[in-house]
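Chain by chain, the residues:
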Amino acid sequence: MAGRINDDDVKAVRDAVPIDAVVSEYLQLRNAGGGNLKGLCPFHDEKSPSFQVSPSKGLFHCFGCQEGGDTIAFVMKIDHLSFSETVERLAAKAGITLRYEEGGYSPSHQRGERIRLIEAHQAAAEFYVRALESPEAEIGRTFLAERGFDQDAAAHFRVGYSPAGWDHLTRYLRGKGFSDKELITSGLSQDGRRGPIDRFRGRLMWPISDTAGDIVGFGARKLRDDDNGPKYLNTPETPVYKKSQVLYGIDLAKKDIAKASRAVVVEGYTDVMACHLAGVTTAIATCGTAFGNDHIKILRRLLMDNGSARVIFTFDGDSAGQKAALRAFEDDQKFAAETYIAIAPDGMDPCDLRLVKGDDAVRDLVEPRTPLFEFALRQIVGRYDLETPAGRAAALDEAAAVVAKIKTSSVQREVAVQLAGLVGILDQEFVVRRVAQLAHWARNKGGDQGDRGGRGGPQGRGPRGGAPQQTAPAPAFSGPALNLRSPAHRTERELLKLALQRPALVSPAFDAYGVDEFTAPPYAAVRRCIEEAGGAEQGIADDRAYLGAVLDAAPDNTVRSLVTELAVEVFIGKTIDETYAGVQLVHVRLRAVDRRIADVQSSLTRLGSNVAPHELAAAQSEVWVLQQYAQNLRVHGAAAL
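Now for a description of the structure that goes with this document. Just so it is clear, the model here is predicted, and its values are computed rather than measured.

Let's shift gears to the overall build of the protein. A tally of regular secondary structure across the protein gives 27 helices and 18 strands. When burial is assessed residue by residue, the protein has 50% of its 641 residues classed as buried. With an accessible surface of roughly 29300 Å², the protein has 50% of that area assigned to carbon and sulfur atoms.

Take a look at the structure:
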């Protein structure tokens, strides 16, 4: 087996790949102040961003779910990779050749499973692209041309062709060093009577990439009448391909989606191509499945999901398209974004519309006009005879149950009023009350789930995006939980943040502070980690190496999470300079001195006349010295340290 990756190479990978560049492949980041960036956490559902990235420190931390770490930890978590797989993947991105402690360079067959499967898909994509140029693929080129896609369009979307033989791709990938097991696991091959055969044969091929741009699967379109398979055949579920978690075109559209705060959801591969070629570069599509919860999570992170964001669904005008729209509306409330529906005239999809009416018609189609909720309600109400009281009552019952799912009460009321108009009920307040009653029943039946789209715990965040305002969990510590209403805890937190983020401002004074000067057990644990890492002075020369050493010194994940949290959290003060640092140093030290004075005096009081004369004199002397020191701190501040 390959040996352990050289430590210097791991450090080189960490330094070479900026954490903000990696995280930006999965979610939109915006300025959070203090040199930090923020976005919607990819590890738990939330409505406002509590996920912060510090490019200068190479760290991330979520104040909602407490996930945190460096670039390697982020990729390991989000892509479910092992440590070595992650380092290999980032090294390839940075062009770094890794060394292994035992046995030199790792042979390709010893690399992580996910990396091997991604490499197999990349090789397959290149094979299919070349095959599209073959005489056999004339039928595929004709298919594309008839839909308005020339050679450049095919190349841009990396469209390819799978030869009609039994094992052309399988033999090609074997020649590249991939094992039969890897080919079966990847979904590119399947078991045949005499061994693996190609899964896709005689079809037009679209590569499907994840948010990071890695090809994880394929969509294959039938071209010949003698092909007995389905019209579209997708890669089966594999370790790297989950159809409910991928969106076709997301790798091409993600930057424009984030920039414009807008996404267009279409139904097929050719529709995505048509939209992008017409200038609608925010178009994406699901891959053989309905638009669902996991797709929403992907888009929310890219959109930053604020009230100005827009999601436009384009569905065919037929009954299947209408059903798809209603399914999408079921999940509508998981967006903060405004959602709309666009249906082309005569029920044409974007690909047909571009062919018949040109690029301008496609761009005009996706200009939002009809809110999704309005379309959904019209579809429901349209199934009933509104000329009769029974028909109006039945329409109201079904549609009101849909409106009751709207969580924001003001929006719920507004839509209920519109529903009254759609059904033809003059008493709007009756409809509003009916909707509110259904919503109340639903809450009671399901239990009060709280804010489903919000935090991963009870601790909220302050209005400036800084520290939690109530309590921070510390299950691994003995002692009380953090109470950030306590001035002592707030000051200790600020001082530790300075020691991790701006060590030059508190060194060398900070390194003389004892662990016992931090009253909160979690903060004492972080102070101990800094001490074991060589002290805050180590961070002046190389802050990344210093933070890495502090993280390595953490005894468990709870302390490690707190370190990353403090290393990226915004400071409470507006101006972070030597004066601010001095105030924190003085307050922590002064409270420690005052506690010591109180402890000595308390001991003397308890002992009373039983204390020996020399012990009494020593205690009184200590109290006097401490009182003088405290007075100097109060008068002279940091200069007295």
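Taken residue by residue, helix H10 (residues 250-260) has Ile 250, Ala 253, Lys 254, Ile 257 and Ala 258 as its buried positions. One side of H10 holds all its buried residues, which, seen down the axis, span an arc of 135 degrees. In H10, the exposed positions that point more than 90 degrees away from the buried face belong to Lys 255 and Lys 259. Buried residues belonging to H10 abut strand E9 (203-209), strand E12 (262-266), helix H11 (269-277), strand E13 (283-285) and helix H12 (293-303). Immediately beyond the C-terminal end of H10, within one or two residues, lies Ser 261, with a positive phi of roughly 50 degrees.

Take the pattern of salt bridges next. Applying the stated criterion to the full structure yields 33 salt bridges. The partner of Glu 569 in a salt bridge is Lys 497, and the shortest N-O contact between them spans 3.0 Å. Separated by 72 residues along the polypeptide, Glu 569 in the loop between helix H25 (557-568) and helix H26 (578-607) and Lys 497 in helix H20 (residues 487-501) bring together distant segments of the chain. Just as Glu 569 is buried, Lys 497 falls in that class too. One salt-bridge network, in which partners are shared between bridges, spans Arg 493, Glu 494, Lys 497, Glu 565 and Glu 569.

Here Ser 507 and Pro 508 are connected by a cis peptide whose omega angle stands at 0 degrees. Among the secondary structure elements, Pro 508 is positioned in the loop between helix H21 (503-506) and helix H22 (521-532). We note that Arg 158 has phi near 55 degrees; this positive angle belongs to a residue other than glycine. By the secondary structure assignment, Arg 158 is in the loop between helix H7 (151-156) and strand E6 (160-162). The phi dihedral of Ser 261 falls on the positive side, at around 50 degrees, and the residue is not glycine. Checked against the element boundaries, Ser 261 lands in the loop between H10 and E12. By relative accessible area, Ser 261 is classed as buried at 10%.

Attention shifts here to the packing of H22 against H25. Between H22 and H25, whose axes approach to 10 Å, the crossing angle comes to 85 degrees. Judged by the angle between their axes, H22 and H25 are roughly perpendicular. Across from Pro 522, Tyr 523, Ala 525, Val 526 and Cys 529 in H22, the residues of H25 making contact are Val 559, Leu 562, Val 563 and Leu 566. Residues belonging to the contact of H22 with H25 are distributed by class as follows: nine nonpolar, no polar and no charged.

So, on to the pairing of strand E8 (residues 195-198). Pairing analysis gives four bridges linking strand E7 (residues 189-192) to E8, with the strands arranged antiparallel. Bridge assignment links Ser 189 to a residue of E8, and that residue is Asp 198.

Moving on to helix H16 (residues 372-381). At 3.6 residues per turn, the α-helix brings residues three or four places apart onto the same side. Counting buried positions along H16 yields eight of ten residues, so the element is predominantly enclosed. Inspection of H16 places Leu 372, Phe 373, Phe 375, Ala 376, Leu 377, Gln 379, Ile 380 and Val 381 among the buried residues, and these make up the whole buried set.

What follows covers the sheet that holds strand E4 (residues 59-62). Here five strands make up an open sheet; going across it, the order is E1-E2-E3-E4-E5 and the pairing antiparallel. Strands with a single pairing partner mark the edges of an open sheet, and in this sheet they are strand E1 (30-33) and strand E5 (68-70). For this sheet, the mean angle separating the axes of adjacent strands, direction not counted, is 25 degrees. Direction of pairing for E1 relative to strand E2 (residues 36-39): antiparallel, over a ladder of three bridges. Of the residues in E2, the one forming a bridge with Gly 33 is Asn 36.

Time to look at the packing of aromatic side chains. Going through the model one piece at a time under the given rule, you end up with 16 aromatic pairs. Centroid distance Phe 60 to Phe 74: 5.5 Å. Interplanar angle 80 degrees. Geometry classified as edge-to-face. Taken as a pair, Phe 60 in strand E4 and Phe 74 in helix H3 (residues 71-79) lie far apart in primary sequence, 14 residues in all. Accessibility assignment for this pair places Phe 60 and Phe 74 in one class, buried. Seen from their ring centres, Trp 206 and Tyr 269 are 5.4 Å apart, and the 15 degrees between their planes marks the pair as stacked. Taken as a pair, Trp 206 in strand E9 and Tyr 269 in helix H11 lie far apart in primary sequence, 63 residues in all. Neither Trp 206 nor Tyr 269 differs from the other in exposure class; each is buried.

Another aspect to go through is the sheet that holds E6. Strand order across the open sheet formed by four strands is E6-E9-E10-E11, with antiparallel pairing between neighbours. Two strands in the sheet have a free side with no partner beyond their single neighbour: E6 and strand E11 (232-234). Averaged over all pairs of adjacent strands, the angle between their axes in this sheet comes to 35 degrees, without regard to strand direction. Here helix H6 (residues 138-146) sits on the sheet and contacts E9 and strand E10 (215-222); the angle it forms with E9, its principal contact strand, is near 70 degrees.

Right, let's get into the nonpolar core. Membership of the largest hydrophobic core comes to 45 residues, with the highest contact counts inside it found for Leu 144, Val 159, Leu 204, Trp 206 and Tyr 248. With five residues, the top contributor of residues to this core is H11. Aside from chain neighbours lying at most four places away, what touches Leu 204 is Leu 132, Gly 140, Phe 143, Leu 144, Val 159, Gly 160, Gly 219, Ala 220, Arg 221 and Leu 223. Counting residues in hydrophobic clusters, the runner-up holds 40 residues, among them Val 506, Phe 510, Ala 520 and Leu 566.

With that settled, the discussion passes to the side chain of Lys 57. Looking at where Lys 57 falls in the secondary structure, it is placed in the loop between strand E3 (51-54) and E4. Reaching out from Lys 57, the side chain makes a polar contact with the backbone oxygen of Gln 501 at a distance of 2.4 Å. Beyond its immediate chain neighbours, meaning those up to four positions away, Lys 57 contacts Leu 500, Gln 501, Arg 502, Asp 543, Arg 544, Leu 547 and Ala 567.

With that settled, the discussion passes to the side chain of Glu 182. For Glu 182, the location among the structural elements is in helix H9 (residues 180-186). For Glu 182, a relative accessible area of 17% translates into the label buried. Glu 182 has contacts with Arg 116, Leu 117 and Gly 177, leaving out every residue within four places of it along the chain.

Right, let's get into the environment of Val 417. Here Val 417 is to be found in helix H18 (residues 409-423). Val 417 sits in the partly exposed class, given a relative accessible area of 25%. Between the C-alpha atoms of Val 417 and Val 435, which are 18 residues apart in sequence, the distance is 10.0 Å. Contacts of Val 417, omitting those with residues within four sequence positions, involve Gln 428 and Val 432.

What counts and what doesn't
Residues numbered from 1 in each chain as written. Predicted model: local features only at pLDDT ≥ 70, side-chain atom pairs only at ≥ 80, totals over all residues. Heavy atoms only, no water. Helix = DSSP H or I, 4+ residues; strand = E, 2+ residues; numbered from the N terminus. Buried < 20%, exposed > 50% of the residue type's maximum accessible area, 1.4 Å probe, protein only. Areas by Shrake-Rupley, 256 points an atom, 1.4 Å probe, with all protein chains shown as cover. Arc of directions from axis to C-beta. Contact = heavy atoms within 4.5 Å. Salt bridge = Lys/Arg side-chain N within 4 Å of Asp/Glu carboxyl O. Axes fitted to C-alpha atoms, helices over the stretch in contact; angles between N-to-C directions. Parallel < 35°, antiparallel > 145°, perpendicular 65-115°, else oblique. Nonpolar A, V, L, I, M, F, W, Y, C, P; charged D, E, K, R; others polar. Pairing = 2+ DSSP bridges. Phe/Tyr/Trp six-rings, centres within 6.5 Å; stacked < 30°, edge-to-face > 60°. Core = buried A, V, L, I, M, F, W, Y, C linked by side-chain atoms within 4.5 Å. Polar contact = N/O pair within 3.5 Å; in protein donor to acceptor, adjacent residues only side chain to side chain.

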